[in-house]
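Residues per chain, in single letters:
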Amino acid sequence: MAIKELKVLDQKLYMITQAVADTLAPAGGAFQVGAQDVDAALLFDNYIDRLGKLPLKLIKTVLYLLEYAPLFTRFKRFSRMNQEQRLNYLRGWENSRIASKRNLFVMIKMLILMTFYSHDAVAQAMNYHPECLIKDEDTHAVYLQ
Amino acid sequence: MLFTYNDIGKDIVETPDVCIIGSGAGGAVMADMLSSAGMDVVVLEEGGYYTKDRYRTFKPIESLKILYRDYGSTLAFGKSPIVLPLGRAVGGTTVINSGTCFRTPAHVLEDWAETFGVVGASSRDMEPFFERVEKAINVTTISPQVLGKNGLIFKRGADALGLSNGMLKHNMINCHGCGRCAFGCPHDAKQAVHLNFIPSAIKHGARIYANAKAEKIIIESGRVSSVEGSIINEQTDNRLYRIKVSPKLLVLSAGTIYTPFILEKNNIKLSSELGKNLTIHPAARITAIYDELIEGYKGIPQGNYVDAYSNEGIVLEGIFVPPEVGLPIIGASGAAGKELAGKYNNFAAFGVMISDNNSSGKVRVGVDNAPFITYRLHPLDLKKLIKGIAVASEIFFAAGAKSVNSGVYGIKEFRSSEDIAQLFTRRLKTASFEMMAFHPLGTARMGELAGHTVVDSFGKAHTLENLFISDGSIFPTSLGVNPQLTIMAFSMRNAEYIIDNKKRFLT
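Residues numbered from 1 in each chain as written. Chains lettered and ligands numbered in written order. Predicted model: local features only at pLDDT ≥ 70, side-chain atom pairs only at ≥ 80, totals over all residues.

A.B. asks: Describe the overall build of chain A, with residues and values.
C.D. replies: Looking only at helices and strands, chain A has eight helices and zero strands in total. Helices and strands in chain A line up, N terminus first, as α-α-α-α-α-α-α-α. In terms of principal-axis extent, the alpha carbons of chain A reach across some 60 × 35 × 35 Å. The proportion of buried residues among the 145 residues of chain A is 35%. (Helix = DSSP H or I, 4+ residues; strand = E, 2+ residues; numbered from the N terminus. Buried ≥ 20, exposed ≤ 12 C-beta atoms within 10 Å, placed from the backbone.)

As structure tokens, then:
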């Protein structure tokens, strides 16, 4: 992955995002496609490019926190953990009693999963086929694009 | 004429009769009315101009990025941050709202008259304005043909419990039930104001500047003398040119958040009440899983309602969003989240909206030069929300749900209606709720009590002769219903007031 494709994240943050995305939406399970298959980290990077300076700083800070905070409790960076450890760690954020910690994680999770579930391959795998209830030539055109 | 940044190649200077900031429900109606009366009108709209051909190319998350402020995630901060989606386009929030239309409830108008001294706004006074607006935007009851199974299931449950419910009225012509109201209607079926009032204003000579961000309001000798701003490249957000408008009269229709923000940013202290008294109709979304195939994204997302508890300030309205918008909020992480995603075709969802007359918030200028919104949900309003969630959950089970997700932190999904009691037995805090809100109102409230209100009963600032406000910010209290019709009707009424007093205001 060349750095030049990234709009907002640097290579380090991209790698952290990849690890988070892969944990949130791993390959296999209910359907095969996972975050790695659609490069959800890159989709996320491209999606957030119009966010304001403050939210972008916040996102980057939370990503760094997700990566380095476990060094103090689990003696490992997030991206060095195995899949099960990563999932348990993220659940800790998601179910935290501290509302602000929970909300910060939800913000990252939402943005990553929004881009993941938006990908055509994921929609196809989920059997998600949006269409209008009343069909005519005009409605057909809506979903051709 | 309508100009976007693409049409402009130099700095702009305008000296119209009237400058309107904002082209949503309030600004568009005002622009049409005043230009039809022969006034020279200029409208400044920060957002871009889009048509159905563009909407068709947007995926829902692209719409969030392009047609909304802050990707649809403007936040009101408090014990629990509340997401407050706001539109940013020619047509304002009418482009991305659900299209639901209610007249202002009579008891609300009576309360405004009694408590805030609002004059000339009784149900009888407002009747002709509602009629004219409803005709202009074609308000009609939704056809069951486009309701979709999500709405039908909820109706089935409400009927089984004997709860009063019905089909909503929308501003629409020939709706195809594509489930995309909130992302820009791909058929122009939803009659957002960029399809009616804006074209009519243009026909009457109004000049609409899209991508034009109003930044400075200059006051000289106790009057607004000019508005200065920038033409923004919508691809890069870079400032391209300056725009200066020196009107005889300024109408602020930037919405409940941005109207007080732009005034405060320019240090224009209209009243100590400016920016305060924010109400937002806090809302929660309840989801359920069924054995039957629902495909809730097919059909009109907000088609029906349950008003059995409307006298308590609780209204349930349809809500359904595509998986890329819905799943990230409700889905778990990891394989469990994907398993849930695999069941999205069996999901149903409905919204609970409450009148927040006990709660209030503020809009201030934030450190990043953007609005900083705070909001405190009163325990009495939280109780309403909890009751609404419980009622929605009961309805889902009455319609045969296998499980219901209340969206409340710390409460596992309900497997049967017995589980719902947890909502009342557990000590739930505001921070346990993931809330959204859709109808910010009240930050520049109207009335004749000068110390308690910002503008008079017709939207004129108490302390400035040539400044009017015409958007949701002037409504003194929560409406309890979707506000777009109220905003349009009051805008029409206030425009008539300006026309009737033309000599006074346009000198």
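A.B. asks: Go over the interface of chain A and chain B with me, naming the residues and quoting the values.
C.D. replies: Counting from both sides, the interface comprises 38 residues of chain A and, opposite them, 42 residues of chain B. Among the secondary structure elements, those contributing two or more residues to the side of chain A that touches chain B are α1 (11-24), α3 (53-68), α5 (83-94), α6 (99-118) and α8 (137-144) of chain A. At nine residues, α6 of chain A tops the list of elements feeding residues into the side of chain A that touches chain B. Its residues placed into classes, the side of chain A that touches chain B shows 22 nonpolar, nine polar and seven charged. (Contact = placed C-beta atoms within 7 Å. Nonpolar A, V, L, I, M, F, W, Y, C, P; charged D, E, K, R; others polar.)

A.B. asks: Residue-level account of the sheet that holds strand β1 (residues 2-3) of chain B, with values.
C.D. replies: All names here are of chain B. If you walk across this open sheet you meet the six strands as β1-β10-β4-β3-β14-β23, and the pairing is parallel. One side of each edge strand has no neighbouring strand; the edge strands of this open sheet are β1 and β23 (467-469). In terms of strand pairing, strand β14 (residues 249-252) meets β23 through three bridges, oriented parallel. Directly across from Leu 250, in β23, lies its bridge partner Leu 467. Across the sheet, helix α1 (residues 25-36) lies against β3 (18-21), β4 (41-44) and β14, angled at about 165 degrees from β4, the strand it touches most. (Pairing = 2+ DSSP bridges. Axes fitted to C-alpha atoms, helices over the stretch in contact; angles between N-to-C directions.)

A.B. asks: Explain unusual backbone geometry to me, and be specific about the residues and the numbers.
C.D. replies: All names here are of chain A. Not every positive phi belongs to a glycine, and Asp 39 is a case in point at roughly 50 degrees. Among the structural elements, Asp 39 can be located in the loop between α1 and α2 (40-47). By C-beta crowding, Asp 39 is classed as partly exposed, having 19 other C-beta atoms within 10 Å.

A.B. asks: Could you give an account of helix α5 (residues 123-136) of chain B, with specific residues and numbers?
C.D. replies: All names here are of chain B. In this model α5 runs 19 Å from its N-terminal to its C-terminal C-alpha over 14 residues, within 8% of the 20 Å that 1.5 Å per residue would give. Considered for burial, the residues of α5 that qualify are Met 126, Phe 129, Phe 130 and Val 133. Packing partners of the buried residues in α5 comprise α4 (106-116) and α13 (484-500). Within two residues after α5, Asn 138 carries a phi angle of roughly 55 degrees, on the positive side. (Expected span 1.5 Å × (residues − 1).)

A.B. asks: Explain the confidence of the model for chain B to me, and be specific about the residues and the numbers.
C.D. replies: Predicted confidence across chain B gives a mean pLDDT of 95, with 100% of residues reaching 70 or more. This prediction of the complex comes with two scores: 0.95 for pTM and 0.92 for ipTM. (pLDDT = per-residue confidence, 0-100.)

A.B. asks: Give me the sheet that holds strand β2 (residues 12-14) of chain B: which residues, what numbers.
C.D. replies: All names here are of chain B. Overall, mixed pairing links the four strands, which are arranged β2-β13-β12-β11 in an open sheet. Only two strands of the sheet have a single neighbouring strand rather than two, namely β2 and β11 (212-220). Going across the sheet, the axis of each strand differs from the next one's by a mean of 20 degrees, ignoring polarity. Where β2 meets strand β13 (residues 239-245), three bridges bridge the pair, whose relative direction is parallel. Bridge pairing links Val 13 to Lys 244 in β13.

A.B. asks: Now, about the pairing of strand β18 (residues 347-354) of chain B: what can you tell me, with residues and values included?
C.D. replies: Residues and elements named next belong to chain B. Where burial is concerned, most of β18 is hidden: eight out of the eight residues are buried. Of the two faces of β18, the one lined by Phe 347, Ala 349, Gly 351 and Met 353 and the one lined by Ala 348, Phe 350, Val 352 and Ile 354 are each fully buried. The pairing of strand β15 (residues 282-289) with β18 spans seven bridges and is antiparallel. Bridge pairing in β18 links Ile 286 to Phe 350. Sheet topology note: the strand β17 (residues 314-318)/β18 ladder contains five bridges and is antiparallel. Bridge pairing in β18 places Leu 316 opposite Val 352.

A.B. asks: Give a description of the pairing of strand β19 (residues 360-365) of chain B that names residues and reports values.
C.D. replies: All names here are of chain B. By the bridge criterion, six bridges tie β19 to strand β20 (residues 371-376) in an arrangement that is antiparallel. Paired with Gly 361 across the bridge in β20 is Tyr 375. The hairpin turn running from β19 into β20, its antiparallel successor, is five residues long, and Asn 369 in that turn takes a positive phi close to 60 degrees.

A.B. asks: Just give me the short version of the environment of Ser 457 of chain B, but keep the residues and values in it.
C.D. replies: All names here are of chain B. Inspection of the secondary structure assignment puts Ser 457 in the loop between β22 (435-437) and β23. Sequence-wise, Ser 457 and Gly 255 are 202 residues apart; in three dimensions their C-alpha atoms are separated by 18 Å. Other than its neighbours up to four places away in sequence, Ser 457 contacts Val 118, Val 119, Gly 120, Ala 121, Met 446, Gly 447 and Glu 448.

A.B. asks: Can you break down the packing of α1 of chain B against α13 of chain B residue by residue, with the values?
C.D. replies: Residue and element names in this part refer to chain B. In the contact formed by α1 and α13, the axes pass within 8 Å of each other and the chain directions differ by 35 degrees. As for the relative orientation of α1 and α13, their crossing is right-handed in sense. From α1, Ala 25, Gly 26, Val 29, Met 30, Met 33 and Leu 34 reach across to α13, where they touch Gln 484, Ile 487, Met 488, Ser 491, Met 492, Ala 495, Glu 496, Ile 498 and Ile 499. Taken together, the residues of the contact of α1 with α13 sort by class into eleven nonpolar, three polar and one charged. (Left-handed = near helix turned anticlockwise from the far one by under 90°.)

A.B. asks: Go over helix α6 (residues 148-161) of chain B with me, naming the residues and quoting the values.
C.D. replies: Residues and elements named next belong to chain B. When the terminal C-alpha atoms of α6 are compared, their 21 Å separation across 14 residues agrees well with the 20 Å that a helix rising 1.5 Å per residue should span. Listing the buried residues of α6 in full gives Gly 148, Asn 150, Gly 151, Ile 153, Phe 154, Lys 155, Gly 157 and Ala 158. The secondary structure elements touched by the buried residues of α6 are β8 (165-167), β16 (304-306), β17, β18 and α11 (379-398).

A.B. asks: Tell me about the packing of α1 of chain A against α3 of chain A, and name the residues and values.
C.D. replies: All names here are of chain A. Direction vectors running N to C along α1 and α3 enclose 65 degrees, while the axes themselves pass 10 Å from each other. On the basis of the axis angle, α1 is roughly perpendicular to α3. Considering how the two elements wind past one another, α1 and α3 form a crossing that is left-handed. Of α3, the residues touching α1 (which contributes Leu 13, Ile 16, Thr 17 and Val 20) are Lys 60, Leu 63, Leu 66 and Glu 67. Here the residues of the contact of α1 with α3 are counted per class, giving five nonpolar, one polar and two charged. (Parallel < 35°, antiparallel > 145°, perpendicular 65-115°, else oblique.)

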